[in-house]
Protein chains: 2
Amino acid sequence: MTVENISGYKLLLNIYLMDEGRYFLAFVSFVGCNLILAVAAGSLCAFIAPAAAGSGIPEVKAYLNGIDAYSILAPSTLFVKIFGSILGVSAGFTMGKEGPMVHTGACIANFLGQGGSRKYHLTWKWLRFFKNDRDRRDLITCGAAAGVAAAFRAPVGGVLFALEEAASWWRSALLWRTFFTTAVVAFVLKAFVQLCSTGNCGLFGEGGLIMYDVSSAGATYGSGDILAAIFLGVIGGLFGSMYNYLIDKVLRVYSMINERGAVYRVLLVICISLLTSVCAFGLSWTVSCVPCPTESSKDCPTQTGNYLSFQCPSGSYNDLATLFLNTNDDAIRNLFSTNTTREFRISTLFIFFGAIYFLGIVTYGIAVPSGLFIPVILAGACYGRLVGRLFEPISDLDTGLYALLGAASFLGGTMRMTVSLCVILLELTNDLLLLPLMMLVLLVSKTVADIFNKGVYDQIVKLKGLPYLEAHAEPYMRQLVALDVVSGPLITFSGIEKVRNILDALKYTGHNGFPVIDEPPFVDSSELFGVVLRSHLLVLLKGKNFSSEQVISGQDILRKYAALDFAKPGSGKGIKLEDLDINEDEMEMYIDLHPITNASPYTVVETMSLAKAAILFRQLGLRHMCVVPKSQGRPPIVGILTRHDLMPEHVLGLYPHLKPHK
Amino acid sequence: MTVENISGYKLLLNIYLMDEGRYFLAFVSFVGCNLILAVAAGSLCAFIAPAAAGSGIPEVKAYLNGIDAYSILAPSTLFVKIFGSILGVSAGFTMGKEGPMVHTGACIANFLGQGGSRKYHLTWKWLRFFKNDRDRRDLITCGAAAGVAAAFRAPVGGVLFALEEAASWWRSALLWRTFFTTAVVAFVLKAFVQLCSTGNCGLFGEGGLIMYDVSSAGATYGSGDILAAIFLGVIGGLFGSMYNYLIDKVLRVYSMINERGAVYRVLLVICISLLTSVCAFGLSWTVSCVPCPTESSKDCPTQTGNYLSFQCPSGSYNDLATLFLNTNDDAIRNLFSTNTTREFRISTLFIFFGAIYFLGIVTYGIAVPSGLFIPVILAGACYGRLVGRLFEPISDLDTGLYALLGAASFLGGTMRMTVSLCVILLELTNDLLLLPLMMLVLLVSKTVADIFNKGVYDQIVKLKGLPYLEAHAEPYMRQLVALDVVSGPLITFSGIEKVRNILDALKYTGHNGFPVIDEPPFVDSSELFGVVLRSHLLVLLKGKNFSSEQVISGQDILRKYAALDFAKPGSGKGIKLEDLDINEDEMEMYIDLHPITNASPYTVVETMSLAKAAILFRQLGLRHMCVVPKSQGRPPIVGILTRHDLMPEHVLGLYPHLKPHK
């Protein structure tokens, strides 16, 4: 809402100055406004929460894959994401607010999921039900779905996005939960749109629930159109994979600049802001004016909408300015608009496509929350219209529908989603009759692009070095067994362990899970009792219920703790080793680990095929898996398998002769 | 296509006779035509493939859950399903062709998946890639998706149906595959619809890709409509759960009749056919005529479409006959039609709702392929219109849209799907603006109905006694460990086993998997080598590569078999024990099982929580899971856990003191 309004006011100022003929002042004011907004966004992001930069979808994806990095969903990230995104989009960057909205949704869900924030004195008791891994993960999946639902006003698209792109583990209950979430989003949105339809919230509410309605165009299509769709799919796949390749390269360069410190980050933002402003204003300035169409019923030229006057005299309009100097929403609406085949010249579309493609690539990665959807849709719609013009002789489809198919093809080529993109685009444009063509375009573009590289979000996850677990096992894993990749040393505890040993283990290793082994005289021969978590050990030690003898304390010891003490704390919020205050005497005492040990850990035999073990690990969403010996007469556990042991880098580092899959 | 045409000709005959005033002859011809078609459908089903009766969705669901019953997807079932469904729907039964089309899709997929049919000399070599459990399962999921996509002309709805209702295991690759499948369906459909739009395929193609277009109605709605939607949701939930309850009861009665033999099945079909015909004709006869609307631009009365004349004089029409004596498609189109608030009288709607609700319940379960979607949509649309009339004072929505919401509520109440129903209905009616209300209705109706019982398909699966594995573990399972439910006796083989022992085990048990244990002197102490499958043992024995000594033959033995010998055969097609011809001398010889044993079986420790073991079993889609001892010095395996050991009946049979979850 705010984005549209700030952008609107900025444009109005600009239009006013242009109308007065004070062109240089208009240019300076345009660049200046953008720069101020950009610096504000960049500073917020660089100084307060660097994790808020970028789209946020890769981070949410990584979190839902089980990567619990502290800053990803922290409240500060949430704050910067919301305001940084508003400022950034208003600053005229070639970026969208859709990715950040997904991240925002996930952050809010995480905030609720960890029971509010003790730091900011915002806590609710009923939120304690989410204090475990699984429910929190579900809640964050719902948050991501809500983000998409709100960004595109596409509730069903939101559910599918969560399923196809965001979530790594899916269960049937989740379908129902995300559906419920996005239904609520749809209702709130509908209410706001209805409230704002009277025009008292600025530009928000324009378009109603369907943002870019093209349904009136009526779609009948023949073999020519199918050919065009396949052609669009192919070039969407090529452009998309190249886009991903270039973004990867640019991100590598930017990360070197960004590593130097917050000031460098802001400087980079300033550079890109200047570049964007100069491009938008300068390129619009260079093109000649187009005479207004005579047959159109719309006003021309106007100050907003389809026919922007810019520097043009009355009776003509500037078609490039119509795209560049509008809000993103309006630019897309113009490109998708039907019965306007000649409105944009071919040269204009070429210039705009080139500029947006280039600006989109250099903008992603600067210290501003920036979504990828909008630049991709804009560029795709552009070449869609171009292809439409190319196929005019053999095609009946409207150029506006070609723009829609072009956007679909480019989205498919970069993001590699299928069903969710299809539904999101349907809900954006309300054109169900185009569905078969849209499916075809998405299928072709994804297939073509998959030949060259991965989807853009997967690439970014990898570039950030996050240990993302793929859904399938790598083929070379079939040649290894579970024991081959387990990295030592293995640290185990006795069922009743000396406090000093526990503290040492916690201090000198970073492990988060330790096997607990029962030994004689408590059992006949030593056997694996279970796995105890670092976080639970810390809570247990903090309680100081030690005994001087090696005796079984039983479940009674748990009465001295509240049930919630062992609940999963908010990320980065748990007890730390430094918080413990244990003196030398206590160090020599014993503590019974049985009550807090998970006695049903998932185990695999050491000779289990690594591929199978990896699938088990991934399917069940594990963090630790015990590797047990095959034959008797050996220690009851030979290693612990973690996410890092399954990473291709780790495995191929150990066995360089194995070839990774291309 | 054929369905619409047969029904159409039947109706035309009827209309012709009515126009001539020969009412009794019309009645007799109507009943007679229906009876002939019904007997044909019933005989096909009762004598050739009883498994083809009913919707087929529960069977597909069960198959995708891992229940590999022979007849479910056999070619004979496919044949009867296609023709039985055409005849059955043409016979005027209150049933749809949607469920059968899903089953048909799955059958075709299975047919391809097992490499065609050797019996009917239809085989293709390239289909061998599907000769394993997982790929065949994926193919059948795609088949089910294609069925829905074809039935409702809803490609995205098909994908979601496969995900939400049909599939038990989902992986990301499957989304892409079902999407591809339904995209092809959409294209073929589009081509046929375009081909038939000239009218040369009878009634097929009517409505184009959007079967019941209501998009013209324009939806703005306020709080009154939201109230109405909630109300609709509640009664949809109540009616839906009652529907499921009654269907369950009727099915129990019918199964007693059907068990008596094929003739009884056909007799039941005859009874229901007579009942349906008499209801349709007789009830239509009793109502009085309605004068044609003066303001309408449509012709009235007509012989098809919105205003059927039936026995009425010129200038008036019979509104009940308009619903009863039309094709199902037209009846739904009439109910969904907008700007026709007064077209159906309240009393007519009441009568039709009651008749359809009752006939729908008594029709399901007779020996005819019969879908549930159509009766549910008809009944739901009926009470939707009634509620629309009730809320007229405070609501702006058109009665046609109320009919749509009513259908949604009843579907939600019986089938308990959410996202997929939502998308299917959208694709049926092309009304995206109604989406928030539709989501609300579905949420409420599912929530209300879930209080009382399960979804109709789950109920039928259970009634058929199929061992369906639920996605979640039952709460009482947390009180048990894996060993508690393993049923004996455990039969194991040595790594190199005597042929007689193998034959005996195959003969005297029905087990499909046997643990293979390596024993001294081949290893130091006996250890679990892996699990060998019955089907693989049969192939190995058939090859007769026995040796007189207990020696390791190594992988060389496999050279004597073709790789495809061990591929999964079509259901019911593998080698049987009777096919083996082994003489007494050979009985005493040995065979090395190592080469065909799966050396990486999934194992759990005996003390693993049963709930966790059940989740592991289900998530990974297993058929056998080895239970290994916790402590050393015992045999290396203590039991094998199968699907049947995890069934609530089995577990609660062993531990009657545990309470099942309500």
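Since we're looking at a predicted model, the values are computed, not measured. (Residues numbered from 1 in each chain as written. Chains lettered and ligands numbered in written order. Predicted model: local features only at pLDDT ≥ 70, side-chain atom pairs only at ≥ 80, totals over all residues. Heavy atoms only, no water.)

Visitor: Whenever I open this one, the overall build of chain A confuses me. Can you help?
Guide: Helix and strand counts for chain A stand at 24 helices and twelve strands. For a compact globule of 662 residues, the expected C-alpha radius of gyration is about 26 Å, and chain A comes in at 29 Å, within 12% of that figure. The principal-axis extent of the C-alpha atoms belonging to chain A is close to 100 × 50 × 45 Å. Per-residue burial over chain A gives 61% buried out of 662 residues. Intrachain contacts of chain A at a sequence separation of at least 6 include 76% that bridge at least 24 residues. For chain A, the accessible area works out to roughly 25500 Å², and carbon and sulfur atoms hold 61% of it. For chain A, the centre of its 52 positive side-chain charges and the centre of its 52 negative side-chain charges are spaced 1 Å apart. (Helix = DSSP H or I, 4+ residues; strand = E, 2+ residues; numbered from the N terminus. Rg over C-alpha atoms; globule rule 2.2 N^0.38 Å. Buried < 20%, exposed > 50% of the residue type's maximum accessible area, 1.4 Å probe, protein only. Contact = heavy atoms within 4.5 Å. Areas by Shrake-Rupley, 256 points an atom, 1.4 Å probe, with all protein chains shown as cover. Lys, Arg positive; Asp, Glu negative; His and termini not counted. Charge placed at Lys NZ, Arg CZ, Asp CG, Glu CD.)

Visitor: Can you walk me through the interface of chain A and chain B in this structure?
Guide: Often the size quoted for an interface is simply the accessible area lost on bringing the parts together. Of the residues lining the interface, 64 residues belong to chain A; the matching set on chain B comes to 64 residues. Between chain A and chain B the total buried area reaches about 5800 Å² when both faces are included, carbon and sulfur atoms providing 71% of it. When the area that chain A buries against chain B is broken down by residue, the three leading residues are Phe179(A), Phe187(A) and Gln632(A), summing to 12%. Seen at the junction of chain A and chain B, the total is zero salt bridges. (Buried area = accessible area lost by both parts, 1.4 Å probe. Salt bridge = Lys/Arg side-chain N within 4 Å of Asp/Glu carboxyl O.)

Visitor: What is the right way to read unusual backbone geometry from this model?
Guide: Glycine aside, negative phi is the norm for most residues, and most peptide bonds take the trans geometry. Residue and element names in this part refer to chain A. Put simply, Pro520 and Pro521 share a cis peptide bond, and its omega is 10 degrees. Mapped onto the secondary structure, Pro521 falls in the loop between β7 (513-518) and β8 (527-533). Non-glycine residue Arg153 carries a positive phi angle of around 50 degrees. Tracing the backbone shows Arg153 in the loop between α6 (133-152) and α7 (155-166).

Visitor: Can you help me understand the packing of helix α20 (residues 499-508) of chain A against helix α21 (residues 534-543) of chain A in this one?
Guide: The relative placement of two packed helices is expressed as an angle between their axes plus a distance between the axes. All names here are of chain A. In contact at an axis separation of 11 Å, α20 and α21 are set at 135 degrees when each is read in the N-to-C sense. In terms of axis orientation, α20 runs oblique to α21. Crossing handedness for the pair α20 and α21: left-handed. Residue-level contacts link Val499, Ile502, Leu503, Ala505 and Leu506 of α20 to Arg534, Leu537, Leu538 and Leu541 of α21. (Axes fitted to C-alpha atoms, helices over the stretch in contact; angles between N-to-C directions. Parallel < 35°, antiparallel > 145°, perpendicular 65-115°, else oblique. Left-handed = near helix turned anticlockwise from the far one by under 90°.)

Visitor: When you look at the environment of Pro475(B) in this model, what are you seeing that I'm missing?
Guide: All names here are of chain B. Structurally, the position occupied by Pro475 is in the loop between α18 (456-463) and α19 (482-485). When its relative accessible area of 34% is taken as the criterion, Pro475 is described as partly exposed. Sequence spacing of Pro475 and Ala611 is 136 residues, and the spatial spacing of their C-alpha atoms is 7.5 Å.

Visitor: Just checking my understanding: could you explain the nonpolar core for this structure?
Guide: A general trend in soluble globular proteins is that nonpolar side chains are found buried together. In terms of nonpolar packing, the biggest core is built from 290 residues, with Phe336(A) and Phe336(B) touching the most fellow members. Once residues within four sequence positions are removed from consideration, Phe336(A) is found in contact with Tyr212(A), Val214(A), Ile377(A), Ala381(A), Arg385(A), Gly400(A), Ala403(A), Leu404(A), Ala407(A) and Thr429(A). Grouped together as the second largest cluster of nonpolar side chains are 55 residues, Ala473(A), Ala482(A), Leu622(B) and Met625(B) included. (Core = buried A, V, L, I, M, F, W, Y, C linked by side-chain atoms within 4.5 Å.)

Visitor: Before we go on, may I ask you to explain the sheet that holds strand β5 (residues 493-494) of chain A in this structure?
Guide: Two modes of strand pairing occur in sheets, parallel and antiparallel, and in both the strands are linked by backbone hydrogen bonds. Residue and element names in this part refer to chain A. Pairing in this open sheet of three strands is mixed, and the strands run β5-β7-β8 from one edge to the other. A single partner strand is all that each edge strand has here, and the edge strands are β5 and β8. Across six bridges, β7 lies against β8 in antiparallel orientation. Looking across to β8, one finds that Pro515 is bridged to Val531. Against the sheet, α21 makes contact with β5, β7 and β8, and its axis sits at roughly 80 degrees relative to β8, the strand it touches most. (Pairing = 2+ DSSP bridges.)

Visitor: Is there a simple way to think about the state of the cysteines in this case?
Guide: The term disulfide refers to a covalent linkage connecting the sulfur atoms of a pair of cysteines. By the definition in use, this model includes two disulfides over all chains. Note that Cys289(A) is cross-linked by a disulfide to Cys312(A), the S-S spacing being 2.1 Å. Note on the Cys289(A) and Cys312(A) pair: the S-S dihedral is about -95 degrees, so by sign convention the disulfide is left-handed. Taken together, the positions of Cys289(A) in the loop between α10 (262-286) and β3 (290-291) and Cys312(A) in the loop between β3 and β4 (316-317) put the pair 23 residues apart, joining distant regions of the chain. By relative accessible area, Cys312(A) is classed as buried at 9%. In this structure Cys271(A) is a free cysteine whose sulfur lies 13 Å from that of Cys279(A), the closest cysteine sulfur available. For Cys271(A), a relative accessible area of 48% translates into the label partly exposed. Counting only cysteine sulfurs, Cys279(B) is the nearest neighbor of Cys382(B), a cysteine outside any disulfide, at a range of 14 Å. By relative accessible area, which is 0% here, Cys382(B) ends up buried. (Disulfide = S-S within 2.5 Å.)

Visitor: I tried to follow the relation of the copies chain A and chain B on my own but got confused; where do I start?
Guide: One copy of the chain maps onto the other through a rotation about an axis plus a displacement along that axis. Rotating chain A by 180 degrees and moving it 0.0 Å along the rotation axis overlays it on chain B with an RMSD of 0.0 Å. Both chain copies can therefore be described as sitting about a two-fold axis. Looking at the interface residues of chain A, 100% of them are also at the interface in chain B, so both copies use one shared face. (Least-squares fit on C-alpha atoms with pLDDT ≥ 70 in both.)

Visitor: Sorry, what's going on with helix α23 (residues 610-620) of chain A here?
Guide: Each α-helix turn comprises 3.6 residues. Residues three or four places apart therefore point the same way. Residue and element names in this part refer to chain A. Counting buried residues in α23 gives eight out of eleven residues, a clear majority hidden from the surface. What α23 keeps buried is the set Leu610, Ala611, Ala613, Ala614, Leu616, Phe617, Arg618 and Leu620. Positive backbone phi, approximately 65 degrees, marks Gly621, located one or two places after α23.

Visitor: Help me out: how do you make sense of the packing of helix α5 (residues 98-113) of chain B against helix α6 (residues 133-152) of chain B in this one?
Guide: All names here are of chain B. It is at 7 Å that the axes of α5 and α6 come closest, and there the two elements cross at 145 degrees. When you trace α5 past α6, the crossing you get is right-handed. Contact residues: Glu98, Met101, Val102, Gly105, Ala106, Ala109, Asn110, Leu112 and Gly113 in α5; Arg136, Leu139, Ile140, Gly143, Ala144, Gly147, Val148, Ala150, Ala151 and Phe152 in α6. Across the contact of α5 with α6, the residue classes break down as twelve nonpolar, five polar and two charged. (Nonpolar A, V, L, I, M, F, W, Y, C, P; charged D, E, K, R; others polar.)

Visitor: Quick question: what am I supposed to make of the side chain of Thr178(B) here?
Guide: All names here are of chain B. Along the polypeptide, Thr178 turns up in helix α8 (residues 172-196). The class for Thr178 is buried, based on a relative accessible area of 0%. Setting aside residues up to four positions removed in sequence, Thr178 forms contacts with Thr141, Cys142, Ala145, Val159, Ala162 and Trp170.

Visitor: Which parts of the structure should I look at to understand the packing of aromatic side chains?
Guide: Pairs of aromatic rings are described using the distance from one ring centre to the other and the angle between the two planes. Counted by the stated rule, this structure contains 37 aromatic pairs over all chains. Here the aromatic rings of Tyr23(A) and Trp285(A) are separated by 5.0 Å at their centres, their planes lie at 65 degrees, and the arrangement is edge-to-face. Taken together, the residues Tyr23(A) in helix α2 (residues 23-48) and Trp285(A) in helix α10 connect sequence positions 262 residues apart. Ring centres of Tyr383(A) and Phe410(A) lie 5.9 Å apart, and the angle between their planes is 65 degrees; on these two criteria the pair is classed as edge-to-face. Here Tyr383(A), found in helix α14 (residues 373-390), pairs with Phe410(A), found in helix α15 (residues 399-415); they are 27 residues apart in sequence, far enough to count as distant. When sorted by exposure, Tyr383(A) lands in the same class as Phe410(A), which is buried. One aromatic cluster is present, built from ring pairs that chain together Phe239(A), Tyr243(A), Phe353(A), Tyr357(A), Tyr383(A) and Phe410(A). In this structure, Arg260(A) packs its charged tip against the face of Tyr264(A), placed 5.4 Å from the ring centre. For Lys446(A), the ring lying beneath its charged end belongs to Trp176(B), and the centroid distance is 5.0 Å. (Phe/Tyr/Trp six-rings, centres within 6.5 Å; stacked < 30°, edge-to-face > 60°. Lys NZ or Arg CZ within 6 Å of the ring centre and 35° of its normal.)

Visitor: Just to check I follow, could you spell out the UniProt feature "domain: CBS" (unreviewed entry) in chain A for this structure?
Guide: Under the UniProt annotation, the feature "domain: CBS" (unreviewed entry) is placed at residues 596-660 of chain A. Secondary structure across residues 596-660 of chain A divides into 28% helix and 18% strand, with the first and last C-alpha atoms of the span separated by 40 Å. (UniProt positions renumbered as here; feature names shortened; annotations may be inferred.)

Visitor: Where do I start with the confidence of the model for chain A in this structure?
Guide: The predicted coordinates of low-pLDDT regions are not to be read in fine detail. Across chain A, the average pLDDT comes to 86, with 92% of residues at 70 or higher. Of the two predicted TM-score estimates for the complex, the pTM is 0.91 and the ipTM is 0.88. (pLDDT = per-residue confidence, 0-100.)

Visitor: Even after reading the chapter, I still don't get a nonpolar patch on the surface, so can you show me in this structure?
Guide: Residues and elements named next belong to chain A. Residues Phe47, Ile48, Phe79, Ile82, Phe83, Val263, Tyr264 and Leu267 make up a contiguous nonpolar surface patch of about 750 Å² in total accessible area. Position of Phe47 relative to the elements: it lies in helix α2. Given a relative accessible area of 53%, Phe47 falls into the exposed group. (Patch = residues over 30% accessible without salt bridge, like charges linked within 9 Å, V, L, I, M, F, W, Y side chains within 5 Å.)

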